[in-house]
Structures are given as C-alpha cells and as structure tokens.
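# Chain and residue survey
One letter stands for each residue in the lines below.
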Amino acid sequence: MIRFMIWRYERFYRIECPELSRKCGKRIDQCVKIVDSEGFGLKHLWKPAVDTIAAMAKVSEEHYPDTFHSIIAINLPSVLPILFGVFKPFLSTNTRSKIRLYGGDYKRRLLQDIDADQLPVHWGGTATDPDGDTYCRSKVCIGGTIPEKYYRRNMLNENKDLSRFTSVTVQSGSTLQLDFQIKAKNSLLSWNFYTEDNDIGFGVYRRSSLDLMEALLPSERVKSHVIPETGNLVCDSRGTYVIRFDNKYSWLSAKKLSYLVEVIEPESEREMEVSDPAQLSPASSSTNDIFDF
C-alpha cells in the first residue's frame with residue numbers, strides 16, 4: 001500500500017499536474033482529497049492496518065507535505081477519534097488545519113468546494129461514467145471488502161511449493177534455533193517463513209564459541225502472519241550460523257511457524273569442493289533458556 005501511495009504521488013506530480021496546468025492555463029500542484037469512511041469500524045483497527053496507516057501518514061508528511069489543498073472526511077465512523085489519534089503525531093500543524101469533517105449534509109458542503117460536474121453523482125455531483133456509473137469507477141478507485149482470492153493464505157497455497165517448508169510450533173516463552181555449518185566463504189544464507197495468526201521474533205547470529213553468539217541481524221518481532229518474511233545474508237566467513245525464532249516475549253500464545261532456509265555456496269567453491277549435504281541440514285533446538293539477548 002505504501003509503495004502504491006508513493007507511485008500515486010509521483011504520477012500526480014510528474015504527469016497529472018503538468019497536463020492539468022496546460023489545460024487550465026495556470027499552475028496546478030494541489031488537489032482535494034475526499035475520504036469516504038462508509039463501512040469503517042472497530043474490526044479495521046487491527047494493529048498491522050493501524051501501523052500501515054501511520055506509516056503512510058509519515059511518508060506523506062515527510063516527502064509530499066503540501067499536496068492537498070484540503071482533506072475532507074465524510075461518513076464519519078464512531079472510531080474516528082481513535083484513528084485520528086494514531087496518525088495525528090505525524091501531521092504538521094499546516095496539514096491538520098486542512099482537515100475538514102463533514103456530517104450528514106456532506107453532499108451540500110462538498111459542492112461548496114468542488115464543481116458539480118467534477119463530483120460523481122454518488123457524492124452529490126452530476127458526473128457519471130459513459131456507462132452511467134454514478135461512482136465514476138473509471139476515475140475513482142472504490143474500496144470495499146477484499147475478495148478472498150487475494151487473502152495471504154490463499155496466495156501462499158497457490159504460489160509456493162509448500163512441500164519444501166518445515167512446519168513447527170514454537171511454544172510460548174521459548175525459542176527455536178537452527179544451526180547451519182557454512183564451509184565456504186561468501187555463501188548465501190537465505191530464509192523464507194510465515195506464521196499463522198501472530199508475529200514472531202527473528203534474528204541471525206554467528207556462533208563464536210559454545211556459549212557466545214555474535215548478532216548479525218539482531219532479533220526483532222516481524223509481522224510474518226501478515227506478509228511472509230524473506231531475506232538473505234552473505235556469510236563472509238566459515239563457521240556456524242544460527243537462525244533464531246524467538247517467542248520468549250509471549251506468555252500465552254504458541255506460534256505456528258513454517259520455514260524454508262537454504263545455503264547456497266559461491267560457484268567457485270562448489271566447483272572445487274562438493275559439500276556434504278548433511279552439513280547443510282540445520283540442527284534445531286527449542287528451549288526456554290538457551291540464549292537471552
């Protein structure tokens with residue numbers, strides 16, 4: 001969503017503004033944003049969604065601070081004060097002053113800001129699509145319920161060979177550690193994992209002794225229940241590398257985890273030496289008290 005928002009901003013400034021400026025004979029570099037909150041409720045105040053909204057507000061304010069002439073919210077939900085409190089800290093005083101909240105008479109008030117022929121019939125104007133669509137879907141991106149075919153779990157089943165993944169349960173208050181013996185310098189350690197329903201901590205370490213590990217990617221909680229987590233690391237030295245899934249912070253919830261980790265040696269090393277496949281298999285451990293970082 002954030003990437004799409006950035007693309008939309010860039011298109012507005014690079015393509016739409018110059019075209020509108022030529023058409024109107026004056027400089028156009030702002031727009032009026034209408035936020036129709038119909039159907040928005042408590043079920044949408046899911047932490048990943050709230051985090052995304054906050055991140056979008058932050059990017060908008062830092063990189064496109066004066067895009068909007070005004071921001072008009074209509075069909076206001078009862079949870080609006082909660083939502084506004086989330087992204088308010090990211091908004092400048094100037095941006096806050098542009099926000100207008102319209103109640104049940106919003107159609108009349110919209111026409112005070114927007115010409116009727118520029119506003120779709122659904123929102124009180126006179127504009128329609130050639131086929132009579134009162135929403136003007138050819139110009140307006142209409143939100144709504146996401147079709148189940150786009151759900152993450154369905155896309156995973158369709159697009160991934162899950163037979164290669166290992167599925168485990170990381171109990172509450174515990175960790176799962178996978179040890180990989182790296183025999184060739186500059187080998188690539190890659191990972192792909194996802195969880196069901198909840199996030200999990202993830203980190204990558206290099207074992208320097210039996211009891212000590214160097215953090216290469218310090219453990220952080222990742223929302224792998226929302227988007228599968230993928231990544232890789234170039235191993236610049238031989239030794240034991242550890243991938244660690246951390247659920248110590250959770251007192252009650254076990255995490256259902258599916259992962260695929262691979263070690264890919266550089267071509268020159270593979271030509272010189274054939275690795276023992278057994279040495280690329282992880283030695284795993286699940287415990288409450290292995291390492292505490």
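Scoring rules and cut-offs
- Residues numbered from 1 in each chain as written.
- Predicted model: local features only at pLDDT ≥ 70, side-chain atom pairs only at ≥ 80, totals over all residues.
- Heavy atoms only, no water.
- Buried < 20%, exposed > 50% of the residue type's maximum accessible area, 1.4 Å probe, protein only.
- Helix = DSSP H or I, 4+ residues; strand = E, 2+ residues; numbered from the N terminus.
- Arc of directions from axis to C-beta.
- Pairing = 2+ DSSP bridges.
- Axes fitted to C-alpha atoms, helices over the stretch in contact; angles between N-to-C directions.
- Core = buried A, V, L, I, M, F, W, Y, C linked by side-chain atoms within 4.5 Å.
- Contact = heavy atoms within 4.5 Å.
- Salt bridge = Lys/Arg side-chain N within 4 Å of Asp/Glu carboxyl O.
- Phe/Tyr/Trp six-rings, centres within 6.5 Å; stacked < 30°, edge-to-face > 60°.
- Lys NZ or Arg CZ within 6 Å of the ring centre and 35° of its normal.

### A short note on helix 3 (residues 80-87)
Three or more residues of helix 3 are buried, namely L80, L83 and F87. Seen end-on, helix 3 carries its buried residues on one side only, within an arc spanning 65°.

### With respect to the sheet that holds strand 6 (residues 187-196)
As summarised here, the arrangement of the 4 strands in space is 4-11-6-9, forming an open sheet in which the pairing is antiparallel. The strands lining the two open edges of the sheet, one partner per strand, are strand 4 (166-170) and strand 9 (229-235). Here the strands of the sheet are splayed against their neighbours by 30° on average, with no regard to which way each runs. Pairing of strand 6 with strand 11 (residues 255-264), which is carried by 9 bridges, proceeds in the antiparallel orientation. Bridge assignment links Y194 to a residue of strand 11, and that residue is S258.

### Let's talk about the sheet that holds strand 1 (residues 31-36)
Strand order in the open sheet formed by 3 strands is 1-2-3, with parallel pairing between adjacent strands. Of all the strands in the sheet, just strand 1 and strand 3 (99-101) have a single pairing partner and so form its edges. The mean inter-strand angle of the sheet, taken between neighbouring strand axes irrespective of direction, is 20°. When strand 1 meets strand 2 (residues 68-74), the two strands line up parallel, connected through 6 bridges. Across the sheet, residue V32 finds its bridge partner in strand 2, namely S70.

### Focus on the nonpolar core
With 21 residues, the main nonpolar core has L189, F193, I243 and F245 as its most contacted residues. Mapped onto this core, the elements with two or more residues apiece are strand 5 (175-182), strand 6, strand 7 (200-207), strand 9, strand 10 (239-246) and strand 11. Residue contacts for I243: discarding those within four places in its chain leaves L176, Q177, L178, L189, W191, F202, G203, V204 and V261. I72, Y106, I114 and L119 belong to the second-largest nonpolar core, a separate cluster that totals 8 residues.

### Digging into the side chain of S190
By the secondary structure assignment, S190 is in strand 6. Relative accessible area serves as the criterion here: at 14%, S190 is assigned to the buried category. Every residue in contact with S190, bar those within four places of it in the chain, is listed here: G231, N232, L260, V261 and E262.

### Side note on the pairing of strand 8 (residues 213-222)
Pairing of strand 7 with strand 8 involves 7 bridges; the strand directions are antiparallel. Across the sheet, the residue bridging to R206 is E214, located in strand 8. Where strand 7 folds back on strand 8, the antiparallel hairpin that results is connected by 5 residues.

### Notes on the pattern of salt bridges
A side chain of one charge can pair with a side chain of the opposite charge when the charged atoms of the two come close. Applying the stated criterion to the full structure yields 16 salt bridges. Put simply, R8 and E16 hold a salt bridge, and the shortest N to O gap is 2.9 Å. Across the pair R164 and E262 runs a salt bridge, and its minimum N-O distance is 2.3 Å. Placement of the pair is R164 in the loop between helix 6 (152-159) and strand 4 and E262 in strand 11, with a sequence separation of 98 residues.

### A look at the packing of aromatic side chains
In this structure the tally under the stated criterion is 12 aromatic pairs. Geometrically, the ring pair formed by Y9 and F68 is tilted, given 6.2 Å between the ring centres and 55° between the ring planes. With Y9 in helix 1 (residues 2-24) and F68 in strand 2, this pair connects stretches of sequence that are 59 residues apart. In terms of burial, Y9 and F68 fall into one category: buried. Here the aromatic rings of F193 and F202 are separated by 4.9 Å at their centres, their planes lie at 35°, and the arrangement is tilted. A single burial state applies to F193 and to F202, both of which are buried. Ring pairing ties together the aromatic residues Y9, F12, Y13, Y64 and F68, which thus form one cluster. The positively charged end of R221 is found above the aromatic ring belonging to Y249, 3.9 Å away from the centroid.

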